[in-house]
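Listed below, chain by chain, are the residues.
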Amino acid sequence: MASVVGQRSSLSWIVNLSVLFIVLMWLFPTVGLLVSSFRTADQITSSGWWSSLGTQESQRPAIRLSGDETQTDAGFVITGKLIDLDGVKISAWGTSSRAPTAYAPGDIAELSKDRTLTVAADGSFEFVAPESQIGTRLPRVFTTATTPPDFTLDNYKNMLFSERSSGNMAQAFLNTFTVTIPATIIPILFAAFAAYALAWMEFPGRAILVAVIVALLVVPLQLALIPLLKFHNYIGIGKGYMGVWLAHTGFGLPLAIYLLRNYMVSLPRDIIENARVDGATEFQIFVRIILPLSFPALASFAIFQFLWTWNDLLVARVFLIDSSGQTTVMTNYIVELLGTRGGNWEILATAAFISIAVPLAVFFMMQKYLVRGLLAGSVK
Amino acid sequence: MSPVLQAFLTIVVGVGLCVGYFYSSNLVLDKFIFPARGPNAGRNINLANAIRPWLFLLPAFAALALYLAYPVIESLRLSLTDRDNGGVFVGLDNYRQMLAEPKFIEALKNNMLWLLVVPALSTAFGLLIAQLTDRLWWGSLAKSLIFMPMAISFVGASVIWKLVYDARPEGTEQIGALNALYTFFTDNPPEIWLTVPFWNNFLLMIVLVWIQTGFAMVILSAALRGIPEETVEAAIVDGANPVHIFFKIKIPQITSTIVVVWTTITITVLKVFDIVFAMTNGQWETQVLANYMFDKLFRANDWGVGSAAAMVIMFLVTPILIWNVINARREFR
């Protein structure tokens, strides 16, 4: 084509640039949260995440001097590092919040009571006082420094392994898996048998049943919340894992049957007819021939159902999560964090990324099946 | 019992029951009820084959009937009854009460806005990206990155975008990208964007557009690939420029796919709940039907009005439902 159309090549750099621009726009919000999850709370609130990627000059929060005192001829000396980072470069510093940039690196500041302080560009300081400073509060230092990118894994450590209030995340992660795996596996078999019957068995009313499936595909699950909650309470399972598994199975079936039926119809007729002629029973045909051949469609549906159940909030809130707080899932946990810790971006970003990580991994590994499923599953 | 163990047992029992049911019901049918031998062998085989499809269909359709069909009818019934008075029939009172609530009208209006904006923008972006990446050597990488938000939960996406919309007090450095740009290019103080009525609706919609564009792009990209080369080549020979080819040759050939994408996203929009729930919970005039309904059901405990709101969503979905069924039947014929 490119050779046929001369204009195409002259246009191509515009196309390349605009696609690049769109892709960057699309990635920007996610990257923002990802980067933020590797920054400390201070860093997140003091500068935008985009400035953390390069070296940046920023005014840093006040640091109170600390260190061991040694007695010398000049007096009592405390030395140390204000900022313990490789590549840090202090461009200005000060000792009061009113004049945070009063001194250049290397200047000697005269403080009260004949004390002096000097800060070098690399962040080391020397504090000299005529008498011992033990027991007195040392002065604070304000610095403006250029720092290289600085990231930390502490947020993830705190979120997953600490026993603080946010230690619930590990529990929520496990709960989400507990909801997801049975809710993905159970509907597949139910649907596969029904799909086979709808695709390859002759019986009156088949067309109507296919139409029913297409109709049920779009029934909003909002309608099912109250009637099913009443039903679950009535049969005694109430709120819990059993209820959420059943609900996800029911809600996933229309798509499962639809996808699998469409795929099975496209299998070559000869194979099935030959097997029938050779005396195979329908059950054997299904298990030995149809199921193995339908693997791509089964995989597509499994991915859909996995993503949907993992990312679901509504069904879990209605059918699973009770007041005990033991059965929360990650989406619900994050919503609760949004309410209670709305400003703590280091917690929110980390929690969100832990919950996003698994579906993203599935997405990138199984994208082929996901795309295939989408193409087969959209009602034509 | 630990939930993990319970989950494992459920898988084993569920799969076991399922396989056991299909295997044994087929066995019983073939060996005992209609054995393929004796004087009536032929008739028996035919009878067994007539019954077998229903054995295959029974579990799935029983589940569908209970979990999707029955709730539609039960919701309709609940929407016509009053829970406080022991479920007495009240006719359309719940609907009347709902229509008198400003929050419901607000939700309805906002939903209409969502219906106008989100499917249109998602489809347009999806089509644009599908066309631009069509013959790009790194097109599949670009597409997979734009498709990626599909894997992210609505809640996760809400957190992602809340950071973009974040506001810090005036005078401090803005950490939300939107306010950083806003304060950089104007002299105005930063806005708390999610609390600005009317416009905040669009900020929520962007989240869904961001997610759904990938879906539209994947489907439309496949449709563009399916266009016969000859039609495009003929147009080129006739001297059509790329813009003409796109609008006059390509778009008309994929109209039906565009409609499918549009309706699919429309249904998603009607059910949108998580984004609003997580980002504003319907405050500052951002209420939508699904969140209004959730509010009524589980906070106000008003099952009648809640069911009525659910029926409104069902009612709005119905035209698409009928359209899909008609199309599907035409295709199967």
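Fair warning: this is a prediction, and the values are worked out from it, not measured in the lab.

So, on to the domain arrangement of chain B. Residue and element names in this part refer to chain B. According to the domain assignment, chain B consists of domain 1 (3-79) and domain 2 (94-332). Domain 1 and domain 2 are separated by 39 Å when their C-alpha centres are compared. The partner domain 2 presents six residues to the five residues of domain 1 that form the contact. When domain 1 packs against domain 2, close to 510 Å² is buried across both sides, 68% of that on carbon and sulfur atoms. Inspection of the domain 1/domain 2 interface yields zero salt bridges. Counting across the interface, domain 1 meets domain 2 through two residue pairs in polar contact (both at pLDDT 80 or more). Classifying every residue of the side of domain 1 that touches domain 2 by side-chain character gives three nonpolar, two polar and no charged.

The next point concerns the interface of chain A and chain B. Opposite the 110 residues of chain A that make contact, chain B presents 107 residues. Interface of chain A and chain B: buried area, both sides summed, is about 9,900 Å²; carbon and sulfur atoms make up 81% of it. On the chain A side of the contact with chain B, W26, L223 and W345 of chain A bury the most area, a combined 8% of that side's loss. Where chain A touches chain B, the interface holds one salt bridge. Looking at side-chain class alone, the side of chain A that touches chain B contains 83 nonpolar, 20 polar and seven charged residues.

Residue and element names in this part refer to chain A. Summarising the sheet, strand β2 (residues 69-72) and strand β3 (residues 75-81) pair through four bridges and their orientation is antiparallel. Bridge pairing links T72 to G75 in β3. Counted along the chain from β2 to the antiparallel partner β3, the turn is two residues long. Both β3 and strand β7 (residues 124-129) contribute to a ladder of six bridges, which runs antiparallel. Within β7, the position partnered with T79 by the bridge is E126.

Before going further, it helps to spend a moment on a nonpolar patch on the surface. Together, L11, W13, I14, L17, L20 and L24 of chain A make up an exposed nonpolar region whose accessible area comes to about 580 Å². Here L24 of chain A is to be found in helix α1 (residues 6-36).

In this section: helix α10 (residues 242-253) of chain B. Two residues of an α-helix separated by three or four positions point the same way, owing to the 3.6 residues in each turn. All names here are of chain B. For α10, spanning twelve residues, the distance from its first C-alpha to its last is 16 Å, which sits close to the expected 16 Å at 1.5 Å a residue. Along α10, the residues classified as buried are I245, F246, K250 and I251. Around the axis of α10, the buried residues are gathered within 145° of arc, so they sit on the same side. Turned more than 90 degrees from where α10 packs its buried face, F247 and K248 sit exposed. Buried residues along α10 sit in contact with α4 (102-132), α8 (199-225), α9 (229-237) and α11 (255-270). The backbone nitrogen of V243 has a side-chain oxygen 3.1 Å away, supplied by the residue at the start of α10, namely N241.

Now for the domain arrangement of chain A. Looking at chain A, the domain boundaries give domain 1 (6-48), domain 2 (55-148) and domain 3 (158-377). Inter-centroid distance (C-alpha atoms) of domain 2 of chain A to domain 3 of chain A is 59 Å.

Turning next to the packing of aromatic side chains. The tally for this structure, following the rule as stated, stands at 35 aromatic pairs over all chains. An angle of 35° between the planes, with centres 4.9 Å apart, marks the rings of W93 of chain A and Y103 of chain A as tilted. Highlighted residues: W93 of chain A in strand β4 (residues 89-94) and Y103 of chain A in the loop between β4 and β5 (108-110), separated in sequence by ten residues. Classification of W93 of chain A by relative accessible area gives buried; the value is 0%. An angle of 75° between the planes, with centres 5.5 Å apart, marks the rings of F277 of chain B and F294 of chain B as edge-to-face. Remark: F294 of chain B occurs in helix α13 (residues 289-298) and F277 of chain B occurs in helix α12 (residues 274-279); sequence separation between them is 17 residues. Taking the relative accessible area as the measure of exposure, F294 of chain B reaches 5% and is therefore buried. Put simply, the rings of F193, Y196, F283 and F286 of chain A together with Y21, F22, Y23 and F56 of chain B touch in pairs and so form one group of aromatic residues.

Turning our attention to the nonpolar core. Core analysis: the biggest nonpolar cluster contains 214 residues, and F319 of chain A together with W114 of chain B have the highest contact counts within it. When residues of this core are assigned to their parent elements, the largest contribution, 18 residues, is made by helix α4 (residues 168-200) of chain A. Beyond its immediate chain neighbours, meaning those up to four positions away, W114 of chain B contacts P119, N201, L204, M205, L208, V269, V272, V276 and V288 of chain B. Ranked by size, the runner-up nonpolar core spans 17 residues in total, among them I90, A109, A129 and L138 of chain A.

This part is about helix α7 (residues 241-265) of chain A. All names here are of chain A. Its 25 residues give α7 an end-to-end C-alpha distance of 35 Å, which sits within 8% of 36 Å, the value for a rise of 1.5 Å per residue. Approximately 40° is the largest bend angle found in α7, and it occurs at L253, with the proline P254 only one to four residues beyond. A large share of α7 lies buried, amounting to 20 of its 25 residues.

What follows concerns empty space enclosed by the protein. Within this structure, the stated rule accounts for three cavities of 30 Å³ or more. Here the largest cavity is characterised by a volume of approximately 1,300 Å³. L255, F304 and W308 of chain A together with T268 and K271 of chain B are the residues nearest the centre of the largest cavity, which is lined by 46 residues in total. Mapped onto the lining of the largest cavity, the elements with two or more residues apiece are α5 (206-217), α7, α10 (295-311) and α14 (367-377) of chain A together with α8, α11 and α14 (303-332) of chain B. When residues of the lining of the largest cavity are assigned to their parent elements, the largest contribution, six residues, is made by α10 of chain A. Split by residue class, the lining of the largest cavity holds 30 nonpolar, 13 polar and three charged.

What counts and how
Residues numbered from 1 in each chain as written. Chains lettered and ligands numbered in written order. Predicted model: local features only at pLDDT ≥ 70, side-chain atom pairs only at ≥ 80, totals over all residues. Heavy atoms only, no water. Domains from an automatic or database assignment. Contact = heavy atoms within 4.5 Å. Buried area = accessible area lost by both parts, 1.4 Å probe. Salt bridge = Lys/Arg side-chain N within 4 Å of Asp/Glu carboxyl O. Polar contact = N/O pair within 3.5 Å; in protein donor to acceptor, adjacent residues only side chain to side chain. Nonpolar A, V, L, I, M, F, W, Y, C, P; charged D, E, K, R; others polar. Pairing = 2+ DSSP bridges. Helix = DSSP H or I, 4+ residues; strand = E, 2+ residues; numbered from the N terminus. Patch = residues over 30% accessible without salt bridge, like charges linked within 9 Å, V, L, I, M, F, W, Y side chains within 5 Å. Areas by Shrake-Rupley, 256 points an atom, 1.4 Å probe, with all protein chains shown as cover. Expected span 1.5 Å × (residues − 1). Buried < 20%, exposed > 50% of the residue type's maximum accessible area, 1.4 Å probe, protein only. Arc of directions from axis to C-beta. Phe/Tyr/Trp six-rings, centres within 6.5 Å; stacked < 30°, edge-to-face > 60°. Core = buried A, V, L, I, M, F, W, Y, C linked by side-chain atoms within 4.5 Å. Bend = angle between axes of the 7 residues up to and from the residue. 1 Å grid on protein atoms, 1.4 Å probe; cavity = no way out; pocket = protein on both sides within 12 Å on 5 of 7 lines; lining within 4 Å. Points joined across faces, edges and corners; volume = space filled by probe spheres on them.

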